[in-house]
Amino acid sequence: MTLNEKSAAIPGVYSFTEVVDEACDKLKDRQIKYSIRRIQLMDNRLSDMERELDDFLGRK
């Protein structure tokens, strides 16, 4: 259950477990987004290096 979902508990009062679960979910999402961004950057850099290698080998 996330903090945004309704529960049978008093509105606005969350259990420690709910707070920890929500924090962990948010951290996982941030880590996934960061990992995807790093992979995209590495893919771009690899493409640049392949182009440079092709140019270098083409000149010889």
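This write-up is about the structure you can find in this document. (Residues numbered from 1 in each chain as written. Predicted model: local features only at pLDDT ≥ 70, side-chain atom pairs only at ≥ 80, totals over all residues. Heavy atoms only, no water.)

### A short note on the overall build of the protein
Looking only at helices and strands, one finds one helix and zero strands in the protein. Burial status across the protein gives 3% buried among its 60 residues. Accessible surface for the protein amounts to roughly 5700 Å². Of this, 58% is attributable to carbon and sulfur atoms. (Helix = DSSP H or I, 4+ residues; strand = E, 2+ residues; numbered from the N terminus. Buried < 20%, exposed > 50% of the residue type's maximum accessible area, 1.4 Å probe, protein only. Areas by Shrake-Rupley, 256 points an atom, 1.4 Å probe, with all protein chains shown as cover.)

### Looking at the pattern of salt bridges
Inspection of every chain in the model, using the stated rule, returns two salt bridges. For the salt bridge of glutamate 52 with arginine 45, the shortest nitrogen-to-oxygen distance reads 3.8 Å. A residue is classified by how much of its surface remains accessible, and glutamate 52, at 48% relative accessible area, is partly exposed. Linking arginine 51 and aspartate 48 is a salt bridge whose minimum nitrogen-to-oxygen distance equals 2.5 Å. Placement of both arginine 51 and aspartate 48 in helix α1 (residues 16-59) is noted, with a separation of three residues, approximately one turn of the helix. Judged by relative accessible area, aspartate 48 falls into the partly exposed class, the value being 32%. (Salt bridge = Lys/Arg side-chain N within 4 Å of Asp/Glu carboxyl O.)

### What to know about a nonpolar patch on the surface
A contiguous nonpolar patch, built from Leu53, Phe56 and Leu57 and spanning about 310 Å² of accessible area, is present on the exposed surface. Counting through the fold element by element, leucine 53 comes out in helix α1. (Patch = residues over 30% accessible without salt bridge, like charges linked within 9 Å, V, L, I, M, F, W, Y side chains within 5 Å.)

### With respect to a negative patch on the surface
Where like charges cluster on the molecular surface, the negative patch consists of Asp43, Glu50, Asp54 and Asp55. One can find aspartate 43 in helix α1. Residue aspartate 43 is classed as partly exposed on the basis of its relative accessible area of 44%. (Lys, Arg positive; Asp, Glu negative; His and termini not counted. Charge placed at Lys NZ, Arg CZ, Asp CG, Glu CD.)

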